[in-house]
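# Structure assessment
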Amino acid sequence: QLQLVESGGGLVQPGGSLRLSCAAPGFTSGDYNIGWFRQAPGKEREGVSCISKSGLGTRYADSVKGRFTISRDNAKNTVYLQMNRLKPEDTAVYYCAADSAYYGLGLGYDYWGQGTQVTVSS
């Protein structure tokens, strides 16, 4: 069973930056497409970004284009989400997800992490 572990969340002021990590201990993350999602209180979970197995393909939600960058280091079995120029509306629990076939910003991933809280506030 693939397990995903997110880290890197926290409290940051508006305009600040955070880097989230998604690790897959014991598994070859290069076998999976990875997506990052977020869910704010009272809202549905939404896709933020995704990256293909090779790392050559990436997609972003319009709300984060130009501010967030997804990348992966398959040698470390880790996918990153660099978040810059953070806004209060970016506040949410962020989840990573993995699937060997599905690739996109929808919820079609088989494996999900437990999430990490990101709070953007002054």
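Please refer to the structure placed before this passage.
Report follows, based on the coordinates. Only a predicted model underlies this, so the values are computations on that prediction, with no experimental measurement involved.

It is worth spelling out the environment of asparagine 84 at this point. Topologically, asparagine 84 is positioned in the loop between β8 (78-83) and β9 (92-99). Note: C-alpha distance between asparagine 84 and glycine 15 (69 residues apart in sequence) is 7.0 Å. Each residue touching asparagine 84, except ones within four places of it in the same chain, is listed here: Gly16, Ser17, Arg67 and Phe68. A polar atom in the side chain of asparagine 84 sits 2.9 Å from the side chain of serine 17. Within the structure, asparagine 84 has its side chain in polar contact with the side chain of glutamine 82 (distance 2.9 Å).

It is worth spelling out the nonpolar core at this point. By size, the foremost hydrophobic cluster in this structure holds 26 residues, and its most contacted members are Trp36, Phe68, Leu81, Met83 and Tyr94. Elements with a contribution of two residues or more to this core: β3 (18-23), β4 (33-39), β5 (46-51), β7 (68-73), β8, β9 and β11 (116-120). If one sorts the elements of this core by residue count, β9 sits on top with four residues. Apart from the residues lying within four places of it in its own chain, the contact partners of phenylalanine 68 are Arg38, Val48, Tyr60, Leu81, Gln82, Met83, Asn84, Leu86, Asp90 and Tyr94.

Now for the pairing of β4. The buried fraction of β4 amounts to six of the seven residues, a majority that puts the element mostly inside the structure. Judged from the seven bridges that link them, β4 and β9 form a sheet pairing that is antiparallel. Across the sheet, glutamine 39 pairs through a bridge with valine 93, a residue of β9. Bridge analysis of β4 against β5 gives five bridges, and the strand direction is antiparallel. Note that in β5 the partner of glycine 35 across the bridge is cysteine 50. The antiparallel hairpin formed by β4 and β5 contains six residues in its connecting segment, where glycine 42 sits at a positive phi of about 80 degrees.

What follows concerns the sheet that holds β3. Read from one edge of the open sheet, four strands run β1-β3-β8-β7, paired in antiparallel fashion. In this open sheet, the two strands that pair with only one neighbour each are β1 (5-7) and β7. For this sheet the average axis-to-axis angle between neighbouring strands, irrespective of direction, equals 15 degrees. Pairing analysis gives six bridges linking β3 to β8, with the strands arranged antiparallel. Bridge pairing in β8 places leucine 20 opposite leucine 81.

Cut-offs used in this document
Residues numbered from 1 in each chain as written. Predicted model: local features only at pLDDT ≥ 70, side-chain atom pairs only at ≥ 80, totals over all residues. Heavy atoms only, no water. Helix = DSSP H or I, 4+ residues; strand = E, 2+ residues; numbered from the N terminus. Contact = heavy atoms within 4.5 Å. Polar contact = N/O pair within 3.5 Å; in protein donor to acceptor, adjacent residues only side chain to side chain. Core = buried A, V, L, I, M, F, W, Y, C linked by side-chain atoms within 4.5 Å. Buried < 20%, exposed > 50% of the residue type's maximum accessible area, 1.4 Å probe, protein only. Pairing = 2+ DSSP bridges. Axes fitted to C-alpha atoms, helices over the stretch in contact; angles between N-to-C directions.

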